[in-house]
Amino acid sequence: MPSTEARDREIVAGLRRGAASAWAALCDAYGQRVWRHLARIAGGDSHRLADLFQETMLAVARAGPQLAEDTKLWGWLSRVAHNQAALHWRKHYRQLETLNRAT
């Protein structure tokens, strides 16, 4: 069983290459942790969490090939999740402001 650091280095290397196995390893290693992190940030609404999780993982997939070799996976994943939650709330509040102005 490789150490967490060795596993993360393998995942990062695979993500940089676009390897499907690296994506699966990332989801296995961090999927639940990302979900819990988003729940702490955005609350427990399951529909909102599912949307945020999906947006987070899409952002991760898009950025994978550009990762630095020495990326600390959890730090990076938590920042991506935080940024996706912030984008969600900004959009949500803009929509509320638009509705309030219309009434």
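Scroll up a little and you will see the structure.
These remarks concern the structure in this document. (Residues numbered from 1 in each chain as written. Predicted model: local features only at pLDDT ≥ 70, side-chain atom pairs only at ≥ 80, totals over all residues. Heavy atoms only, no water.)

Next up on the list: the packing of aromatic side chains. Evaluation of the coordinates by the stated rule reveals two aromatic pairs. Measuring from ring centre to ring centre gives 6.1 Å for Tyr 30 and Trp 74, while their planes differ by 10°; the resulting arrangement is stacked. Linking Tyr 30 in helix H2 (residues 20-42) with Trp 74 in helix H4 (residues 73-102), this pair joins segments that are 44 residues apart in sequence. The side chain of Arg 33 reaches across the aromatic face of Trp 74, ending 4.0 Å from its centre. (Phe/Tyr/Trp six-rings, centres within 6.5 Å; stacked < 30°, edge-to-face > 60°. Helix = DSSP H or I, 4+ residues; strand = E, 2+ residues; numbered from the N terminus. Lys NZ or Arg CZ within 6 Å of the ring centre and 35° of its normal.)

With that settled, the discussion passes to the side chain of Thr 71. Looking at the secondary structure, you find Thr 71 in the loop between helix H3 (46-63) and H4. In terms of polar contacts, Thr 71 uses its side chain to reach the backbone carbonyl oxygen of Ala 68, at 2.7 Å. Ignoring any residue separated from it by four or fewer positions in sequence, one finds Thr 71 in contact with Val 12 and Trp 76. (Polar contact = N/O pair within 3.5 Å; in protein donor to acceptor, adjacent residues only side chain to side chain. Contact = heavy atoms within 4.5 Å.)

Along the chain, the position of Thr 56 falls in helix H3. You can call Thr 56 buried: its relative accessible area is 0%. Among the polar contacts listed, one links the side chain of Thr 56 to the backbone oxygen of Leu 52, at a separation of 2.8 Å. Setting aside anything within four residues of it in sequence, one finds Thr 56 in contact with Val 34, Leu 38, Val 80, Ala 81 and Gln 84. (Buried < 20%, exposed > 50% of the residue type's maximum accessible area, 1.4 Å probe, protein only.)

Functional significance is not addressed by these values, which are geometric in nature.
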